[in-house]
Amino acid sequence: MTGGAPIVYRLGMNLPATAERAPGTASRPRRRAWGLRLAALAGLAVLWQLTATVMDNPAFIPAPAAVWHRLVQTSTDGYSGYTLIEHLGVSLRRILIGSAIGVAGGLLVGVVMGTVAWVRVVTEPVVTFVRALPPLAYFSLFIIWFGIDETPKLWLLSIAALPPVAVATASAVGSAPTALVEAVRALGAGRWESIRDVVLPSALPEIFTGIRLAVGIAYSSVVAAETINGVPGIGGMVRDAQRYSQTDVVVLGLFAIGLSGLAIDAGLRLIEQRLIPWRGRS
């Protein structure tokens, strides 16, 4: 059989003729799922419009048309001197840098915690303590230390992203298959080789879950990171609009954050599928 044949045939198993799928059958559940999502979005839009009409208070619930008008306005004329894309781009850059630092630190801490018992005993309470803290709790401290420019924002996002990756990595590394580790060690592999060739590949699915959680937490912390001197930035735009009760700008900013967050998570899922094709398969 060729390399692209179904795995059941490569294993020498036979399927009955009734098990063969007709062309296009596999895509039907996907089309149905997209149809349900679009119908749900349409229903939410109708409910939003009805609520805005009944309330008749744009400062409380702006109508969809008002938010759309603000989208067009901020995309062309801008808000506080910057267009919506510029605000979003600055926030995404902060999230990218902060998440990258936090993920790298979390991977390092998690691998050490998962492989060295006494390090885990010492560091696990600290990581759990930091994970329990809300971002604003230590953001004020960073402002005192580093001022109000980019540095405290990046520190905040980095610290927020580190614990989920560290916890997931330590758990996955600690539960690596002992038999395989002992086998490669018996074949002459050193400690680092066994971690690189056995432990980390087996831990990748859980590690990637931690990375997705970390990026999501960093993204949700961007508004807190941009409460001080956050313009340009989508969180700073939302914060500034809140001061002046510009609810349509706040709603627009929330949509921008949520939709770009969905896009980022979809990208991470795609990378996960490419790097861990065996996930979910026995």
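- Going by the annotation in an unreviewed UniProt entry, the name recorded for the chain is ABC transporter, permease protein, with Dactylosporangium matsuzakiense given as the source organism.
- In its Sequence similarities (unreviewed entry) section, UniProt records this for the chain: "Belongs to the binding-protein-dependent transport system permease family."
- Per UniProt, the chain has the following entry under Subcellular location (unreviewed entry): "Cell membrane".

**Here's the deal with the confidence of the model for the chain**
Then comes step 1: Taken over all residues, the pLDDT of the chain has a mean of 81, while the share at 70 or more is 87%.
Then comes step 2: Below a pLDDT of 50 lies the segment residues 1-20, which in the model reaches eight contacts outside its immediate sequence neighbourhood of four places, other chains included.

**A few points about a nonpolar patch on the surface**
Then comes step 1: On the surface, Leu-141, Ile-144, Trp-145, Phe-146 and Trp-155 cluster together to form a nonpolar patch covering roughly 560 Å² of accessible area.
Then comes step 2: The element contributing the most residues to the nonpolar patch is helix 6 (residues 135-146), with four residues.
Then comes step 3: Tracing the sequence through the fold places Trp-155 in helix 7 (residues 150-174).
Then comes step 4: What makes Trp-155 partly exposed here is its relative accessible area of 41%.

**Considering the UniProt feature "transmembrane region" (unreviewed entry) in the chain**
Then comes step 1: UniProt records the feature "transmembrane region" (unreviewed entry) for residues 34-51, 95-119, 126-148 and 249-271 in the present numbering.
Then comes step 2: Split by type, residues 95-119 is 96% helix and 0% strand. Its first and last C-alpha atoms lie 29 Å apart.

Cut-off values and rules
- In this convention, every chain numbers its residues from 1, walking through the sequence in written order.
- The model is predicted, so local features are restricted to residues of pLDDT at least 70 and side-chain atom pairs to those at 80 or more, both for listing and for counting; the totals for chains, interfaces and linings are taken over all residues.
- Note that the side-chain values use all heavy atoms of the structure and ignore hydrogens as well as water.
- UniProt positions are given in the numbering used here, feature names are shortened, and annotations may be inferred rather than shown by experiment.
- The pLDDT value expresses, per residue, how confident the predictor is, ranging between 0 and 100.
- Contacts were defined at the residue level, with two residues in contact if any of their heavy atoms lie within 4.5 Å.
- To count toward a patch, a residue needs a relative accessible area above 30% and no salt bridge. Like charges then connect within 9 Å, nonpolar side chains (Val, Leu, Ile, Met, Phe, Trp, Tyr) within 5 Å.
- Every accessible area reported is derived by Shrake-Rupley at a probe size of 1.4 Å, with residue values counting cover from the shown protein chains alone.
- One speaks of a salt bridge when a side-chain nitrogen belonging to Lys or Arg is within 4 Å of a carboxyl oxygen belonging to Asp or Glu.
- Where helices and strands are cited, they refer to DSSP runs of H or I of at least four residues and of E of at least two residues respectively, numbered from the N terminus.
- Accessible area is worked out with a 1.4 Å probe on protein chains only. A residue is then buried under 20% of its type maximum, exposed over 50%, and partly exposed in between.

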